[in-house]
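Observations on the three-dimensional arrangement
Here is what each chain is made of, one letter per residue.
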Amino acid sequence: STADLTTAGIPEDTDVIIIANPQRDYTEEDLRKLDEFLFNDGAYGKNLVYFANSQQPSLENLEAFLSEWGIQVQDSTLLETNAQRIYNYNYYFAQVNYTDTEMAGSLASSGVYPAVLQSRGITAKNDSSYGTTVLLSLSGTSVQIPADAGTDVDVSKYEQAAWPVAIMGTRSTTEAESNVVVFGST
């Protein structure tokens, strides 16, 4: 079902909220509702999944909210430099690795790997108030290109690393946890 935070709010029986490719920033009131949903009167047990898009506008409030969960969304796009790990001759369309094999379950050993198209750069922040887990990442031969780099990019100027494309931030009690999962691409 679809809910509009600005009018109806979040139905009480909701367990997961998905935000996919938003084109406008969230207000402080919207973000307070998301916080209350995830806190769930101290019982936690709720989840938020956010899918970014490399073409979306600046979303300062929403990205600050995600940062509070330990996930920093970058103003960049990831590019795979290894031609063996791309699809359709597109260096922005690449195979990803299961970084957290426990979360991936049997998929990690199945030989089936997802692909990502034009992922924004995302990073996990280290802070004691939350835990972060990198779920999926590109290979160690990928680079992070600033959004304003233009079309004639010299990829050799950028650091090659296994850049994350999916990160989960967690807050919990001993009984339950709430998670915010950020994907760099829709």
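Being a predicted model, the structure only gives us computed values, none of them experimental.

What follows concerns empty space enclosed by the protein. Considering all chains together, one arrives at 1 cavity of 30 Å³ or more under this definition. Approximately 30 Å³ is the volume attributed to the largest cavity. In terms of lining residues, the largest cavity is bounded by Leu78, Glu80, Tyr91, Tyr92, Phe93, Ala94, Val116, Gln118, Ser119 and Leu138. Residue assignment for the lining of the largest cavity shows that the elements contributing at least two residues are strand E3 (71–80) and strand E5 (90–95).

We now examine the layout of surface pockets. Computed from the structure, the largest pocket encloses a volume of approximately 390 Å³. Forming the boundary of the largest pocket are 16 residues, of which Thr2, Ala3, Asp4, Ile17 and Ile18 lie nearest the centre. Considering every element that reaches the lining of the largest pocket, the biggest residue donor is strand E1 (residues 16–20), with 4 residues. Residues of the lining of the largest pocket, tallied by class, amount to 11 nonpolar, 3 polar and 2 charged. Of the volumes computed, that of the second largest pocket is approximately 250 Å³. Lining the second largest pocket, in full, are Gly9, Ile10, Pro11, Glu12, Thr14, Lys33, Glu36, Phe37, Asn40, Asp41 and Lys46.

Grouped together as the largest cluster of nonpolar side chains are 22 residues, with contacts concentrated most on Leu34, Leu48, Tyr50, Leu62, Phe65, Leu66 and Val182. Of all the secondary structure elements, the ones that give two or more residues to this core are E1, helix H1 (28–39), strand E2 (47–51), helix H2 (60–68), E3 and strand E13 (177–183). The leading source of residues in this core is H1, at 4 residues. Ignoring any residue separated from it by four or fewer positions in sequence, one finds leucine 62 in contact with Pro22, Asp25, Tyr26, Leu31 and Tyr50. Leu78, Ala94, Val96 and Met168 belong to the second-largest nonpolar core, a separate cluster that totals 15 residues.

What follows covers the sheet that holds strand E7 (residues 115–117). Within the open sheet, the 3 strands sit side by side as E4-E5-E7. Their pairing is antiparallel. Looking along the sheet, the strands with just one partner apiece sit at the ends: strand E4 (86–87) and E7. Note: E4 against E5, 2 bridges, orientation antiparallel. Across the sheet, residue tyrosine 87 finds its bridge partner in E5, namely asparagine 90.

Enumeration according to the criterion identifies 5 salt bridges in this entry. The shortest N-O distance in the salt bridge between arginine 24 and aspartate 30 comes to 3.7 Å. Given a relative accessible area of 2%, aspartate 30 falls into the buried group. Here arginine 32 and glutamate 29 are joined by a salt bridge, their closest N and O atoms 2.2 Å apart. A residue pair is termed a helical-turn pair when its members lie 3 or 4 positions apart in one helix, as arginine 32 and glutamate 29 do in helix H1 at 3 residues. By relative accessible area, which is 35% here, arginine 32 ends up partly exposed. Within this structure, Glu29, Arg32 and Glu36 form a network of salt bridges that share partners.

This part covers the confidence of the model for the chain. Averaged over the chain, the pLDDT score is 91; the fraction of residues at 70 or greater is 98%. E2 holds the highest mean pLDDT among the elements of the chain, 97, whereas helix H3 (residues 101–104) holds the lowest, 84.

Running from N to C, H1 and H2 cross one another at 25°; their axes reach a closest spacing of 10 Å. Here H2 runs roughly parallel to H1, going by the angle between their axes. For the pair H1 and H2, the sense of crossing is right-handed. On the side of H1, the interface is formed by Glu28, Leu31, Leu34, Asp35 and Leu38, while H2 contributes Asn61, Leu62, Phe65 and Glu68. Split by residue class, the contact of H1 with H2 holds 5 nonpolar, 1 polar and 3 charged.

Here is what the cut-offs are and how they apply
Residues numbered from 1 in each chain as written. Predicted model: local features only at pLDDT ≥ 70, side-chain atom pairs only at ≥ 80, totals over all residues. Heavy atoms only, no water. 1 Å grid on protein atoms, 1.4 Å probe; cavity = no way out; pocket = protein on both sides within 12 Å on 5 of 7 lines; lining within 4 Å. Points joined across faces, edges and corners; volume = space filled by probe spheres on them. Helix = DSSP H or I, 4+ residues; strand = E, 2+ residues; numbered from the N terminus. Nonpolar A, V, L, I, M, F, W, Y, C, P; charged D, E, K, R; others polar. Core = buried A, V, L, I, M, F, W, Y, C linked by side-chain atoms within 4.5 Å. Buried < 20%, exposed > 50% of the residue type's maximum accessible area, 1.4 Å probe, protein only. Contact = heavy atoms within 4.5 Å. Pairing = 2+ DSSP bridges. Salt bridge = Lys/Arg side-chain N within 4 Å of Asp/Glu carboxyl O. pLDDT = per-residue confidence, 0-100. Axes fitted to C-alpha atoms, helices over the stretch in contact; angles between N-to-C directions. Parallel < 35°, antiparallel > 145°, perpendicular 65-115°, else oblique. Left-handed = near helix turned anticlockwise from the far one by under 90°.

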